[in-house]
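Structure at a glance
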Amino acid sequence: MASLSTEADEKNEESSPSVKRLFPVIHPLIAHVREELWNGTLAIAGECLNRTSGVSVGRRLAALWESVVTKLWAHELEAAGADEKSTGSYALLALGGFGRSIVAPYSDIDLLLFTPGRASAVLRAVSSGFYRDVFDIGWQVGFSAHTPRTVARHMLQDPQFLTAVLQARLLCGDLDVFRSFHQLLERTVRRYGERLLGDVIQARDAERERYGETVYILQPNVKRSPGGIRDVQLVHWIQRFGELGVELSEWSALEPEDAAALIEAEDFLWAVRHWLHWRAGRAHDVLTRSDQWQLATTWGYSGEHNLLPAEVFMRDYFRKTEHVFVVAQRFSECARSPHRKRNFLVTWPQNGFLVERGGCLAITPAGQAALAQGWGGLLEFLETSQRLNRPLHWIVWDSIRRHMSNLSGPIPPDIFRRFAGLFESPHQLAHLLRGLHKVRLLERFIPAFEHARGLLQFNQYHHYTVDEHSLRAMEAVTALADASGLLADTYRRIAQKKILHLALLLHDLGKGLGPDHCEVGREIARDVGMRLGLSEEEREVLEYLVGSHLRMNHLALRRDISDEQLVIQFATEVGSPEVLQMLYV
């Protein structure tokens, strides 16, 4: 419609006070900066869409943003006719991701104006104009002004604010004021560090619960789900607490392998996040099924071994985020442990491999020596956990991980049999299997778990990856031991719990290995049965349960169960009430 306006109409509109009030003219500098920001972002956009360094792209975007912020601030200082005397001392700080010099195309921008006392009228006018300017260029801005008193109060009360200021960076203003801000941060963290660190970890735990509880959800939030960018940041935050004077244990030191994995995962996750933002044209961090499909195609993933390109991409994604999550959990446990001192291990009794402490089994120096002996020490830990019905402390699992070099040789037949014996009892079974999976030892006993790790189920019937689905099935069935109801009663009546537990763990491991995962699963069950030294009768039942785990469901939902002949045929196929009960569970 603007093309139809006459020249007189345009002159009338320009001279109309009401139009000026409704549509204020943007300052030419703001229009220029906005165009500069857009052109600069476009120049980086190609890297956002391609599989390039995510961290490098994020840093280039942050540098572009910084140049815009400093220009706008300088413009408002000039417009107000401000000088050092009229503004007073201040420091304009970048917080959060902007403070760490890494942002995504549509990230929020967090800024803090810090003054030693009440801000002058001129500085308040400058900051007001600056806030209007950044709004005009289209940014979502978190902009706050604080004095030492108010900033200290917010550090103590708001974990999100605290983590944002942990890596604050000076953009404009006085270096001495910024130094005083940093000294205040250091004093506050030194004095209240243990409590503040606990608050930060608790806030992250709560965020994880809201965004999936596990790494292996099928549509993760790249930033906030377990193993996402936020967990990488959590490791950096905990390290920052250590730099500011909070004592951390030796277990919080990053080993070279973990450091390399974090760097690789962070680069990958930021690349994914850049792609999601740029493709959506807005802040968008959820990796939906559609996004997975298109991102896998854009980045050149190809299908392999009966897997779709999207499934190959997501397996890559989950394996990276899994490592991030394990490291973040270990750091969190180090920080919240009441035994953070470096010498805490030697204070424990040495008359056994494990001792009970706080409801868990902790490792002793004698236990450390036992792990160095190889597979026998490991099985001793697992059997003790079951016998006492106590979970292994996270330090035990980390000790196992650190002794992986002693567990690299072939597994002796007696160790396979002892491993199979774990499945006879529900006590701590799911906990032990999940722990073995985390340290990548479960696949040594059951090789098919290597393929299942992080394997996406690209359908509408599952919420988790194949390995997570299998482990959650184990958690659900072992919980029946102390539950009530028909299903729990049926479970408790089953004598061959070892075979039931094994069948549940194996039932979906054939996915991604052939057109019929039940038949492939039957072959896997046969191989596992041989490896674990099961009897011929046990192997037959295990193979049947895995290969026919959908049988009862299909008959109930797709056939006429009032057909007597069908029921007789099914009963003959199952063979015994015990097997029927296992199939039902």
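So, here's what we can say about the structure. Note that this is a predicted model, so its numbers are computed, not measured.

1. Some points on the overall build of the chain
- Within the chain, the regular secondary structure consists of 29 helices and six strands.
- Scored against the burial criterion, the 585 residues of the chain give a buried share of 51%.
- Excluding contacts between residues fewer than 6 apart, the proportion of contacts in the chain whose partners are at least 24 apart in sequence is 72%.
- Split by element, the accessible area of the chain, about 27100 Å² in all, is 52% carbon and sulfur.

2. Comments concerning the sheet that holds strand E1 (residues 91-94)
- Here four strands make up an open sheet; going across it, the order is E3-E2-E1-E4 and the pairing mixed. Either end of the sheet is taken by a strand with one partner, and the two such strands are strand E3 (141-146) and strand E4 (169-173). For this sheet, the mean angle separating the axes of adjacent strands, direction not counted, is 25 degrees.
- This element, helix H8 (residues 148-157), spans strand E2 (109-114) and E3 of the sheet and lies at about 125 degrees to E3.

3. Section: a nonpolar patch on the surface
- Together, Trp38, Leu42 and Tyr106 give the surface a local cluster of nonpolar side chains, amounting to about 300 Å² of exposed area.
- For Tyr106, the location among the structural elements is in the loop between helix H6 (96-99) and E2.
- Overall, the relative accessible area of 32% leaves Tyr106 in the partly exposed class.

4. A word on the packing of aromatic side chains
- Counting across every chain of the model gives 20 aromatic pairs.
- Relative to Phe181, the ring of Phe114 has its centre 5.2 Å away and its plane inclined at 70 degrees; by these criteria the two rings are edge-to-face. Taken together, the residues Phe114 in strand E2 and Phe181 in helix H10 (residues 175-210) connect sequence positions 67 residues apart.
- Aromatic pair Trp375 and Phe445: ring centres 5.6 Å apart, planes at 80 degrees, arrangement edge-to-face. Within this pair, whereas Trp375 is found in helix H16 (residues 375-388), its partner Phe445 is found in helix H20 (residues 442-445), the two being separated by 70 residues in sequence. The two residues Trp375 and Phe445 agree in class, both being buried.
- In textbook terms, an aromatic cluster arises when at least three aromatic residues are bridged by ring pairs, as seen for Tyr216, Phe268, Trp299, Tyr301, Phe313, Tyr317 and Phe318.
- Directly above the ring of Phe98 sits Arg169, whose terminal nitrogen or CZ lies 5.5 Å from the centroid.
- The aromatic ring of Tyr464 is capped on one face by Arg472, whose charged end is 4.2 Å from the ring centroid.

5. Concerning the pattern of salt bridges
- Within the structure shown, the criterion is met by 39 salt bridges.
- The salt bridge involving Arg330 is made with Asp398; its shortest N-O contact spans 3.4 Å. Taken together, the positions of Arg330 in helix H14 (residues 309-336) and Asp398 in helix H17 (residues 394-402) put the pair 68 residues apart, joining distant regions of the chain. Neither Arg330 nor Asp398 differs from the other in exposure class; each is buried.

6. Re helix H4 (residues 54-79)
- Here H4 contains 26 residues, and its C-alpha end-to-end distance of 38 Å stays within 8% of the 38 Å for a straight helix at 1.5 Å per residue.
- Positive phi shows up at Gly81, right after H4, with a value of about 60 degrees.

7. Considering the nonpolar core
- Grouped together as the largest cluster of nonpolar side chains are 101 residues, with contacts concentrated most on Phe313, Phe419 and Ile446.
- Those residues in contact with Phe313 that lie beyond four places of it in its chain are Phe268, Val272, Leu287, Gln292, Leu295, Ala296, Trp299 and Tyr301.
- In terms of nonpolar packing, the next biggest core, distinct from the first, is built from 40 residues, Ile238, Phe241, Leu248 and Val324 among them.

8. A word on the environment of Ile102
- Position of Ile102 among the secondary structure elements: in the loop between H6 and E2.
- The exposure class of Ile102 is buried, given its relative accessible area of 4%.
- Once the C-alpha coordinates of Ile102 and Asp83 are considered, the two residues, 19 residues apart in sequence, prove to be 31 Å apart.
- Not counting residues within four places of it along the chain, the set of residues in contact with Ile102 comprises Val55, Gly58, Arg59, Ala62, Gly97 and Trp270.

9. What to know about the packing of H14 against H17
- Two numbers describe how H14 lies on H17: the axes approach to 11 Å, and their chain directions differ by 135 degrees. The angle between H14 and H17 places the two elements in the oblique class. Viewed along their axes, H14 and H17 form a crossing whose handedness is left-handed. Two secondary-structure elements touch here, H14 through Arg330, Glu333 and Cys334 and H17 through Trp394, Asp398 and Arg401.

10. Description of the side chain of His517
- Among the structural elements, His517 can be located in helix H25 (residues 517-531).
- Reaching out from His517, the side chain makes a polar contact with the side chain of Asp508 at a distance of 3.2 Å.
- Those residues within four positions of His517 in sequence are excluded, and the remaining contacts are His507, Asp508, Gly510, Lys511, His549 and Leu550.

11. Some details on the packing of H4 against helix H7 (residues 121-136)
- Direction vectors running N to C along H4 and H7 enclose 135 degrees, while the axes themselves pass 9 Å from each other. Judged by the inter-axis angle, H4 sits oblique to H7. As for how H4 packs across H7, the hand of that crossing is right-handed. Judged by residue contacts, Val69, Leu72, Trp73, His75, Glu76 and Leu77 of H4 engage Leu123, Val126, Ser127, Gly129, Phe130, Arg132, Asp133 and Val134 from H7.

12. Some points on the environment of Leu509
- Along the polypeptide, Leu509 turns up in the loop between helix H24 (497-506) and H25.
- The spatial distance from the C-alpha of Leu509 to the C-alpha of Glu450 is 9.7 Å, given a sequence separation of 59 residues.
- Residues in contact with Leu509, not counting those within four places in the same chain, are Ile446, Ala448, Phe449, Ala452, Val466, Ser470 and Ile524.

13. Comments concerning H8
- Every buried residue of H8 is listed here: Val151, Ala152 and Met155. Buried residues in H8, looked at end-on, bunch into an arc of 100 degrees, giving them a common side. In H8, the exposed positions that point more than 90 degrees away from the buried face belong to Arg149 and Gln157.
- Contacts from the buried residues of H8 go to E2, E3, helix H9 (159-165) and H10.

Cut-off values and rules
Residues numbered from 1 in each chain as written. Predicted model: local features only at pLDDT ≥ 70, side-chain atom pairs only at ≥ 80, totals over all residues. Heavy atoms only, no water. Helix = DSSP H or I, 4+ residues; strand = E, 2+ residues; numbered from the N terminus. Buried < 20%, exposed > 50% of the residue type's maximum accessible area, 1.4 Å probe, protein only. Contact = heavy atoms within 4.5 Å. Areas by Shrake-Rupley, 256 points an atom, 1.4 Å probe, with all protein chains shown as cover. Pairing = 2+ DSSP bridges. Axes fitted to C-alpha atoms, helices over the stretch in contact; angles between N-to-C directions. Patch = residues over 30% accessible without salt bridge, like charges linked within 9 Å, V, L, I, M, F, W, Y side chains within 5 Å. Salt bridge = Lys/Arg side-chain N within 4 Å of Asp/Glu carboxyl O. Phe/Tyr/Trp six-rings, centres within 6.5 Å; stacked < 30°, edge-to-face > 60°. Lys NZ or Arg CZ within 6 Å of the ring centre and 35° of its normal. Expected span 1.5 Å × (residues − 1). Core = buried A, V, L, I, M, F, W, Y, C linked by side-chain atoms within 4.5 Å. Parallel < 35°, antiparallel > 145°, perpendicular 65-115°, else oblique. Left-handed = near helix turned anticlockwise from the far one by under 90°. Polar contact = N/O pair within 3.5 Å; in protein donor to acceptor, adjacent residues only side chain to side chain. Arc of directions from axis to C-beta.

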